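Survey of secondary and tertiary structure
One letter stands for each residue in the lines below.
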Amino acid sequence: MRIKVCGMTELEQLQQLGDLGVEFAGMIFYHKSPRFVLRTLTGAQVKRAKLKVYKVGVFVNASYDEIMNHVENFGLDLVQLHGDETPRFCEQVSEYIQTIKAFRITEDDNIPWKIKDYVDACDMYMFDTMGAGYGGTGKKFDWSMLKGLDIGKPFFLSGGIEPTDAAAVKEFANEPVAKNLFALDMNSKFEISPGIKDMELVKKFVEEVRG
């Protein structure tokens, strides 16, 4: 069970994630987010740190040039597109770097219809909860909506995953759809304040979900 911790803003905590067995660290490059990484970190700092995690840059309706500048400056390994990006735009980005397209799910969504135009446009999907803004709702969507689907592409499960969810995650991992479950995505429920993680909670969850 791979794990991504998103909304990272502190170098020391980025360094700690690798030691906890976390594979992916998300940094948010959306200026309206309370976890906007450029308030606290520069690309040079992150590059120098030689982190043990894959660095994921999270973007919302950013231009191609903006994304590529941050990919270069921060040495990003993957890009997560969390806005209203078109399949063609996702395709352009994925020609250069591994790309995750995030879909914000409501209870009325037809998920196969929602993702169908993106099947050849990105490398992975992410399923998150629809909120008033982009991301960071801290709420779960109904995971059972994924049951019985053949997603056909690796996906991240996101949206309000919390420290008490290890058992529910393990149960979901036994569903046929979970053959494509690539990683869990955690954020606000593991925080002391926006962008500052409770590393003890992260450590405990990683141990429980893999135990």
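First things first, this report covers the structure right here in the doc. (Residues numbered from 1 in each chain as written. Predicted model: local features only at pLDDT ≥ 70, side-chain atom pairs only at ≥ 80, totals over all residues. Heavy atoms only, no water.)

1. Quick word on the overall build of the protein
Applied cut-off: Numbering of helices and strands runs from the N terminus; a helix is a DSSP stretch of H or I covering at least four residues, while a strand is a stretch of E covering at least two. Here the globule rule is a power law, 2.2 Å times the number of residues to the power 0.38, and the radius of gyration is based on C-alpha atoms. Burial here depends on accessible area, computed with a 1.4 Å probe over protein chains only, as a share of the maximum for the residue type. Under 20% is buried, over 50% is exposed, and the range in between is partly exposed. By definition, residues are in contact when any of their heavy atoms lie within 4.5 Å. Positive charges come from Lys and Arg alone, negative charges from Asp and Glu alone, with His and the N- and C-terminal ends not counted. Every charge is mapped onto a representative atom, which is NZ of Lys, CZ of Arg, CG of Asp or CD of Glu.
The secondary structure content of the protein amounts to 7 helices and 10 strands. For the protein, whose C-alpha radius of gyration is 16 Å, the value lies close to the compact-globule estimate of 17 Å for 211 residues. Sorting the 211 residues of the protein into buried and exposed places 51% on the buried side. The long-range fraction of contacts in the protein, counting pairs at least 24 apart against all pairs at least 6 apart in sequence, stands at 64%. Positive and negative side-chain charges in the protein, numbering 26 and 31 respectively, have mean positions lying 3 Å apart.

2. Comments concerning the sheet that holds strand β2 (residues 24-28)
Defined as follows: At least two bridges found by DSSP between two strands is the condition for calling them paired. Helix axes are fitted to C-alpha atoms over the stretch in contact, other axes to C-alpha atoms as well, and angles between N-to-C directions run from 0 to 180 degrees.
The parallel closed barrel is built from 8 strands, whose spatial order is β1-β2-β3-β4-β5-β6-β7-β8. Neighbour-to-neighbour, the strand axes of the sheet open up by a mean angle of 30 degrees, direction not taken into account. Pairing analysis gives 4 bridges linking strand β3 (residues 54-59) to strand β4 (residues 78-81), with the strands arranged parallel. Looking across to β4, one finds that V58 is bridged to Q80. Relative to the sheet, helix α7 (residues 199-210) contacts β1 (2-5) and β8 (181-186), its axis offset from that of β1 by approximately 160 degrees.

3. Some points on the side chain of T9
Just so we agree on the cut-off: Two N or O atoms form a polar contact when they lie within 3.5 Å of each other; inside protein one atom must be a possible hydrogen donor and the other a possible acceptor, and for residues adjacent in sequence the pair counts only when both atoms belong to side chains.
Inspection of the secondary structure assignment puts T9 in the loop between β1 and α1 (11-19). Only 2.7 Å separates the side chain of T9 from the backbone oxygen of G195, close enough to count as a polar contact. Aside from chain neighbours lying at most four places away, what touches T9 is R35, T40, L41, G195 and I196.

4. With respect to α1
Convention followed: What the arc covers is the set of directions going from the helix axis to the C-beta atoms.
Among the residues of α1, Q13, L14, L17 and G18 are the ones counted as buried. Across the axial projection of α1, the buried residues extend over an arc of 150 degrees, all falling on one side. Opposite the buried face of α1, at more than 90 degrees from it, the exposed residues are E12 and D19. Taken together, the buried residues of α1 touch β1, β2, β10 (196-197) and α7. Directly after α1, the chain includes G21, whose backbone phi takes a positive value near 90 degrees.

5. A word on the nonpolar core
Heads up, the rule is: Definition used in this section: a nonpolar core is a set of buried Ala, Val, Leu, Ile, Met, Phe, Trp, Tyr and Cys residues joined via side-chain atoms within 4.5 Å.
Grouped together as the largest cluster of nonpolar side chains are 59 residues, with contacts concentrated most on I67, F127, L146 and F205. It is α7 that contributes the most residues to this core, 5 residues altogether. When near neighbours in sequence (up to four residues on either side) are disregarded, I67 contacts F59, A62, V79, L81, F89 and V93. In terms of nonpolar packing, the next biggest core, distinct from the first, is built from 10 residues, F24, I100, A102 and F182 among them.

6. A short note on the packing of helix α3 (residues 64-74) against helix α4 (residues 87-94)
Here is the rule: Any angle that is under 35 degrees is reported as roughly parallel, and any over 145 degrees as roughly antiparallel; angles of 65 to 115 degrees are reported as roughly perpendicular and all others as oblique. Left-handed describes a crossing whose near helix is turned anticlockwise from the far helix through less than a right angle; right-handed describes the clockwise counterpart.
Taken N-terminus to C-terminus, the directions of α3 and α4 make an angle of 30 degrees; their axes are 11 Å apart at the nearest point. Relative to α4, the element α3 is oriented roughly parallel. The chirality of how α3 crosses α4 is right-handed. In this structure, α3 uses Y64, I67 and M68 to contact α4, whose residues at the interface are F89, Q92 and V93.

7. Details of α3
Within α3, the full set of buried residues consists of I67, M68, H70, V71 and F74. Axial view of α3: buried residues confined to an arc of 160 degrees, hence all on one face. The elements touched by buried residues of α3 are β2, α2 (43-48), β3, β4 and α4.

8. Brief notes about the pairing of strand β5 (residues 98-105)
Cut-off, in case you're wondering: When the strands point away from the viewer, a crossover counts as right-handed if the route from the first strand across the helix to the second turns clockwise.
Along β5, 7 of the 8 residues are buried, which leaves the element largely enclosed by surrounding structure. In terms of strand pairing, β4 meets β5 through 4 bridges, oriented parallel. Note on β5: the bridge partner recorded for Q80 is I100. Note that the unit made of β4, α4 and β5 has a crossover that is right-handed.

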